[in-house]
Amino acid sequence: MTRKEMEEIVSKMTVAEKASLCSGGDFWHTKAVERLGIPTMMVSDGPHGLRKQKQEGDHLGVNDSIVAVCYPAGCATAASFDRELLKEMGEALGTACQAEEVGVILGPAVNIKRSPLCGRNFEYYSEDPYLAGEIAASYIKGVQSKNVGTSIKHFMANSQETRRMSSDSQIDERTMREIYMPAFETAVKEAKPWTVMCSYNRINGTYAAENKKLLTDVLREEWGFDGFVVSDWGAVNDRAAGIRAGLDLEMPASFGVNDKRIEEAVADGSLSEELLDQAVIRILEIVYRFAENQDKNAVFDKEAQHALSRRVAEESLVLLKNEGILPLKKDQKLAFIGQYAKKPRYQGGGSSHINSYKVTGALEMVKDLPNITYARGFDDTEDVIDEAMIAEAVKAASEAEAAVIFAGLPDAFESEGYDRSHMRMPEGQNKLIEEVAKVQPNVVVVLHNGSPVEMPWLSKVKGVLEAYLGGEAVGEAEYAILFGEVNPSGKLAETFPCKLEDNPSYLFYIGEGDRVEYREGIFVGYRYYDKKKMDVLFPFGHGLSYTQFAYSDLTLDKSSMNDTDGLTVSCKVTNTGSVEGKEVVQLYVADVESDVIRPEKELKGFEKVALKPGETKTVTFKLDKRAFAYYNEQIRDFHVETGDFKILVGSSSKDIRLEEKVHVTSTVQLPKNYHMNTTFGDLLKDERAREFLEPLYKACTMLEACDTNSAESGLGSSSKAMQDAMMVYMPLRALISFQNGSLDFDQLQEVLDKFNS
Ligand code: BGC
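These remarks concern the structure in this document. (Residues numbered from 1 in each chain as written. Predicted model: local features only at pLDDT ≥ 70, side-chain atom pairs only at ≥ 80, totals over all residues. Heavy atoms only, no water.)

### Re unusual backbone geometry
So, step 1. Cis geometry marks the peptide bond from Gly-46 to Pro-47; its omega dihedral reads -5°.
So, step 2. Mapped onto the fold, Pro-47 is located in the loop between β1 (43-44) and β2 (67-68).
So, step 3. The step from Met-251 to Pro-252 runs through a cis peptide bond, and the omega angle for that step is -10°.
So, step 4. When you line up the elements, Pro-252 lands in the loop between α9 (239-245) and α10 (257-267).
So, step 5. Non-glycine residue Phe-81 carries a positive phi angle of around 45°.
So, step 6. Along the chain, Phe-81 falls in the loop between α3 (74-77) and α4 (83-99).
So, step 7. Positive phi outside glycine occurs at Asn-204, with the angle close to 45°.
So, step 8. Tracing the sequence through the fold places Asn-204 in the loop between β7 (202-203) and β8 (206-207). (Helix = DSSP H or I, 4+ residues; strand = E, 2+ residues; numbered from the N terminus.)

Shown next as structure tokens:
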């Protein structure tokens, strides 16, 4: 249907019909309008599987949904650093939606991991906006290639679950632009999601659902979004204000209550009918896009998708530590310990909960191996130390050549709807690991968790495999990696701090009442730990392999450029070990010298390469202006300061192997706003100002006094330093006091006007 035809339909609708179309018919459907032949469209969660509810609907994962394949959650898939894989997973989800007649899958969820405590971190991708944006864009491209829409969520700054429906994220503009927006921005610009879901919370005082700056000025006008905006389920506060701001569809149904409000607002003139029409057209465009592209032949092949889920997990698991213990051998006498060997924790609780097709634990995978024993070790329904279970596990471990402990966070420890109160694993599990390690030197811990945990036992175990919430086939992937059938290649998409208190948001997280101040600003995740030169348990980008990679030949296609030019960077990576493997080559950019406070370095590129033993490949990156820029609030745009930048390429944020420099020249002149209180130092940086100011500087009586005094006192260089500092930090107006009456305000103002012109 063409836009014109849609406009015609809308012109035939009454205000009541239009208002009614702006909210759901029920929990999961848009409304149909029979009189005009407008079809309904179903939407479903997401993001890592299809949660289509046929009967009773809910957004908390309470009622059943159809059987579907559960893929690894966002915490894991981001660790794959693999765009193609995410696209493939998206395609599979799109096909499942087509087969099940679902028009939009509610994901991906891209909120930034501000704190390890966020209950929903398991669904989110990263602490880094570039990575989150790239992964999200790939997922969206995959799903939408099947003519099914996505709903990137939750726009935005929804980085905690505490008071999620009323909290007010207080964020400065630069932090918003550099940290909390770019994942959405990249996805919108690169992958054109059909819909965007606004978050529950307020941003700087205004609910996301009625935030015009976000939903219209930024999303549509700056980034070019052309789909519809849907509210998170129950996020609407003032419906008419929502339409005015750019919120098109309210979900779920408001049972006519808010439709009425829209009608009233149109009647009293506080909402223009054109804005209402616009919302209706945006909704219709997507409803028809799906209706006209339904694939009646689509088949949800669960067996094939289960295999894909396994492959995604294999690419996503992160080998955190390996002191020569992995891979294990199949004929080794091994004790598999821990409930998660049998019944893995592989997905999170809440709206993303999938009624999984089939779940495989690692224990099932080793049932035919001759020398495996199993001890349950803990019961994850209670946070207690179970001495009997620990004793059984210790016995099994002491009789084996190695012990593999499948541990992690229980469901109750992390979920949508609330945040964690600490970063620890249950005491019973920590004790289990400590006790097993006392009798068995060869211990591997396999972790099942959606967010970092403290590891007090780390030095006592030889291996740690981070399995995250690895989807329904996680046990298969664990098996393949533990026994070396698959070489691990995941890298952390987040920092594991040593302890919770190290996290930059620690002092302010969850806020006071509804008010949540993002006081750490742009220093989120590694941006903070790097700058503070802090030890972390495992850094961003870290992940081991069973082989080794050598980096060489870092080449930049130019050594100096304008900020409007592109830069092509390439390097060679060689597999120097004896097994094939994949390396995630990471590129960070660092501003060598800057007038603004910036992180040490920021991720601006990554590529995952597969290499056979001895093989070398060239990896290429393309950088544009944004790779060098910070957000300048004065010009309300990203800006590059002229100067040198380091291009750092490595295997993790803490393992940089190659380094080069490029000089970037800004093509944007920042507006001048010199005034009486501008310091001498700042003015002297301006060539034109320097010309005028240098003679005044020299004529300054304060300098003469300093010169005489330092000569007399013999203070020499320290007095000189003081004198320089006094001048550099002296506001222009103070010149008057040190020019023996030869300057007045009018003269200075004249000069200022000249500088500012
Ligand atoms: C969640 C969304 C979800 C929606 C529908 C909300 O509670 O925040 O992510 O898509 O419910 O289930």
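### A word on the sheet that holds strand β25 (residues 616-623)
So, step 1. The three strands are arranged β20-β22-β25 in an open sheet whose pairing can be described as antiparallel. Only two strands of the sheet have a single neighbouring strand rather than two, namely β20 (549-556) and β25. Direction aside, neighbouring strands of the sheet carry axes that sit 20° apart on average.
So, step 2. Looking at chain direction, strand β22 (residues 567-575) and β25 are connected through eight bridges and run antiparallel. Bridging from a neighbouring strand, Ser-570 pairs with Thr-620 of β25. (Pairing = 2+ DSSP bridges. Axes fitted to C-alpha atoms, helices over the stretch in contact; angles between N-to-C directions.)

### Things to note about the pattern of salt bridges
So, step 1. By the definition in use, this model includes 64 salt bridges.
So, step 2. Residues Arg-311 and Glu-88 are paired through a salt bridge, measuring 2.4 Å at the closest nitrogen-oxygen approach. Of this pair, Arg-311 sits in helix α12 (residues 302-316) while Glu-88 is found in helix α4, placing the two residues 223 residues apart along the sequence. (Salt bridge = Lys/Arg side-chain N within 4 Å of Asp/Glu carboxyl O.)

### With respect to the site of the ligand
So, step 1. Taken together, 14 residues sit near the ligand, with Asp-45, Arg-120, Lys-153, His-154 and Asp-232 positioned nearest.
So, step 2. Within the side chain of Tyr-200, an N or O atom sits 3.0 Å from an oxygen atom of the ligand.
So, step 3. Between an oxygen atom of the ligand and a side-chain N or O atom of Glu-416, the distance comes to 3.1 Å.
So, step 4. Considering only residue class, the shell around the ligand consists of five nonpolar, three polar and six charged. (Near = heavy atom within 4 Å. Polar contact = N/O pair within 3.5 Å; in protein donor to acceptor, adjacent residues only side chain to side chain. Nonpolar A, V, L, I, M, F, W, Y, C, P; charged D, E, K, R; others polar.)

### Description of helix α7 (residues 182-191)
So, step 1. In terms of residue burial, α7 counts as a mostly covered element, since eight of its ten residues are buried.
So, step 2. What α7 keeps buried is the set Pro-182, Ala-183, Phe-184, Glu-185, Thr-186, Ala-187, Val-188 and Ala-191.
So, step 3. Lining the buried residues of α7 we find α5 (129-144), β4 (149-155), α6 (173-180), β6 (195-198) and α8 (212-222). (Buried < 20%, exposed > 50% of the residue type's maximum accessible area, 1.4 Å probe, protein only. Contact = heavy atoms within 4.5 Å.)

### Overview of a negative patch on the surface
So, step 1. Negative charge collects at one region of the surface, where Asp-744, Asp-746, Glu-750 and Asp-753 lie side by side.
So, step 2. Mapped onto the fold, Asp-753 is located in helix α23 (residues 745-756).
So, step 3. Residue class for Asp-753 comes out partly exposed when judged on its relative accessible area of 47%. (Patch = residues over 30% accessible without salt bridge, like charges linked within 9 Å, V, L, I, M, F, W, Y side chains within 5 Å. Areas by Shrake-Rupley, 256 points an atom, 1.4 Å probe, with all protein chains shown as cover. Lys, Arg positive; Asp, Glu negative; His and termini not counted. Charge placed at Lys NZ, Arg CZ, Asp CG, Glu CD.)

Any link to function would need more than the numbers given here.
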